[in-house]
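# Results of the structural survey
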Amino acid sequence: REWNADRTTARTPAGDTITAVQDRAMNEMQALRVRFPLGPIAIVSHSEVIRSIVLRCLNLPASHYHRLRIDPASVSCLEMHDDFIRLESLNERLT
């Protein structure tokens, strides 16, 4: 319940903070970028992780978590560069 109410201070049931989730996800994305430099790379995850990554990429605080909508089976695209990450699309529904 606390996790759903305030992402900035709460911990996941596993004990992670939103910052820890963001750090781990971003580190994995960077490792995949190094491993597969010619891309593109598809990553599948839960909406919570996707939202946390998008917030980090846009330099938005975790308190903005509920401003982003990520539906089940939707597609969001990020373009990673050496010095920035561009949000290409968010929450697209494939038909």
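Attention here is on the structure that accompanies the text. Everything numeric here is computed off the predicted structure, so don't read it as measured data. (Residues numbered from 1 in each chain as written. Predicted model: local features only at pLDDT ≥ 70, side-chain atom pairs only at ≥ 80, totals over all residues. Heavy atoms only, no water.)

## Structural notes on the overall build of the protein chain
Regarding its fold elements, the protein chain presents three helices and two strands. The order of helices and strands in the protein chain, counted from the N terminus, is α-α-α-β-β. For 95 residues, the compact-globule estimate of 2.2 N^0.38 gives 12 Å, and the protein chain sits close to it at 13 Å. With respect to the three principal axes, the spread of C-alpha positions in the protein chain is 40 × 30 × 20 Å. Restricting to contacts in the protein chain with at least 6 residues of sequence separation, those with at least 24 account for 35%. Of the roughly 6800 Å² of accessible surface on the protein chain, 52% is carried by carbon and sulfur atoms. Here the protein chain contributes 12 positively and 12 negatively charged side chains, and the mean placements of these two sets differ by 5 Å. (Helix = DSSP H or I, 4+ residues; strand = E, 2+ residues; numbered from the N terminus. Rg over C-alpha atoms; globule rule 2.2 N^0.38 Å. Contact = heavy atoms within 4.5 Å. Areas by Shrake-Rupley, 256 points an atom, 1.4 Å probe, with all protein chains shown as cover. Lys, Arg positive; Asp, Glu negative; His and termini not counted. Charge placed at Lys NZ, Arg CZ, Asp CG, Glu CD.)

None of the figures reported here should be taken as evidence of function without further support.
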